[in-house]
Amino acid sequence: MLLSLILVLAQAGSAGWSSGRPPECGDPGGRTGNVWERAKSPELRRYCDLVASASSKLAGTTAMASAALGSARQAEQVLPGHAAPRVLEGRALAALGKLDEALAALNEGKARDPGALDDPLALLAWARVLARTGHVDQSAEAYRALLPRASALSAAERAAASVEAGLVAMARGPSGLDEAAAALREGLREAQDETQAVAVLALALALDRRGEGDESRALLSERIHGDPRSQLASPRAKDLLEVAPGETSALAAVALEPIDATGAREAWQRFIEASASGPWAASARAHLAALGGKRPAPRRGR
């Protein structure tokens, strides 16, 4: 009977868990020693089942994040002190938009085990939460660690990770431009649909900021058709830009310049007002001046 249980546990572990499986539940090969320990310990079996459940639920839609959060918290109660439940809790909280709580949970998971965020999905969540809570330099480091491992992600996740990495690198100022351009080119190669539009706009902005205006304009002419503001308003674009929300107006402005000078002036003005002390404010002012521009006077009511 025990042998049958061991075989079932080994098969379940091998088939259902990603490379993020915690060491206390066995390695990807399902080595017998770990399976024996699980077979002998009801608490460990329950813990590993809950960790697996939380992990699988996070692979689905955001609607499963609440259920994943419950499983992760139960796992912590069953076998306290391990990193995996806190990392999974952090990922679930991030999916639910509870960023401060997510940051605390992921920080604690990392403190319990420095390797707990090595899994690409955990590292992607960590990078995003850091960016969305204003920890730009730490986020850039996390994306830098993630991209060489991104082959383990889906194509959509790889594209998003590269685009987000480029946006975060560019937000650091001129020192991040080369890194940003490289990441955005990779993101553009992988991206489709709304992600592709954001990749094009972000790469064009990075090229412009590097002084490569001709290449920037050529890219926009070839790849962006219509009003860029509508593309930036899509749910997917907004999600990507959560790592660098201040750049939205600059992305619109650089693309509007050849087709709508008034719209470009307004967008650059919005960017300047929101990022007056940021590293790209002077560049935006130069664009505004080149457009002949002051902010248009507000319309008076009739």
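Reading guide: rules and limits
One numbering rule holds for all chains: residues counted from 1, following each sequence as written. In keeping with the predicted nature of the model, local features appear solely for residues at pLDDT of at least 70, side-chain atom pairs appear and are counted solely at 80 or more, and the whole-chain, interface and lining totals rest on all residues. To get the side-chain values, all heavy atoms of the structure are used, and hydrogens and water are removed first. Nonpolar cores were defined as sets of buried Ala, Val, Leu, Ile, Met, Phe, Trp, Tyr and Cys residues, with membership established by side-chain atoms within 4.5 Å. Per-residue accessibility, obtained with a 1.4 Å probe over protein chains only, is compared with the maximum for each type, and a residue is labelled buried under 20%, exposed over 50%, and partly exposed between these values. Secondary structure elements are taken from DSSP: a helix is a run of H or I of four residues or more, a strand is a run of E of two residues or more, and numbering for both begins at the N terminus. Residue contacts are counted whenever heavy atoms from the two residues lie within 4.5 Å of one another. To define axes, lines are fitted to C-alpha atoms, for helices over the stretch in contact only, and angles between the resulting N-to-C directions are given on a 0 to 180 degree scale. With respect to orientation, any angle under 35 degrees is reported as roughly parallel, any angle over 145 as roughly antiparallel, any angle of 65 to 115 as roughly perpendicular, and every other angle as oblique. Crossing handedness is read from the near helix: turned anticlockwise from the far helix by less than a right angle, it gives a left-handed crossing, and turned clockwise, a right-handed one. Classification used: nonpolar for Ala, Val, Leu, Ile, Met, Phe, Trp, Tyr, Cys and Pro, charged for Asp, Glu, Lys and Arg, polar for all others including Gly. Side-chain rings of Phe, Tyr and Trp (the six-membered ring for Trp) are treated as a pair once their centres are within 6.5 Å; stacked means planes under 30 degrees apart, edge-to-face means over 60, and tilted covers the remaining angles.

1. Some thoughts on the nonpolar core
If you look at the biggest cluster of nonpolar residues, it comprises 88 residues, and the most contacted ones within it are Y47, W126, Y143, L167, M170 and W268. For this core, the element with the most residues is helix α11 (residues 193-209), which contributes 10 residues. Setting aside residues no more than four positions away along its own chain, M170 makes contact with G176, L177, A180, A202, L205, A206, R209, E247 and W280.

2. Some words on the packing of α11 against helix α12 (residues 213-223)
At their nearest, the axes of α11 and α12 sit 7 Å apart, and the two run at 160 degrees to each other. Comparing the axis directions of α11 and α12 gives the class roughly antiparallel. Crossing of α11 over α12 shows left-handed handedness. In this structure, α11 contributes Q196, V200, L201, L203, A204, L207 and D208 to the contact, and α12 contributes G213, E215, S216, L219, L220 and R223. Of the residues contributing to the contact of α11 with α12, the split by class is 7 nonpolar, 3 polar and 3 charged.

3. A few points about the packing of aromatic side chains
Ring pairs (aromatic) are described by centroid distance and by the angle formed between their planes. Scanning the model with the defined rule gives 1 aromatic pair in all. Centroid distance W268 to F271: 6.3 Å. Interplanar angle 85 degrees. Geometry classified as edge-to-face. Placement of the pair is W268 and F271 together in helix α16 (residues 261-274), with a separation of 3 residues, close to one helical turn. In terms of burial, W268 and F271 fall into one category: buried.

Read these as spatial facts, not as claims about activity.
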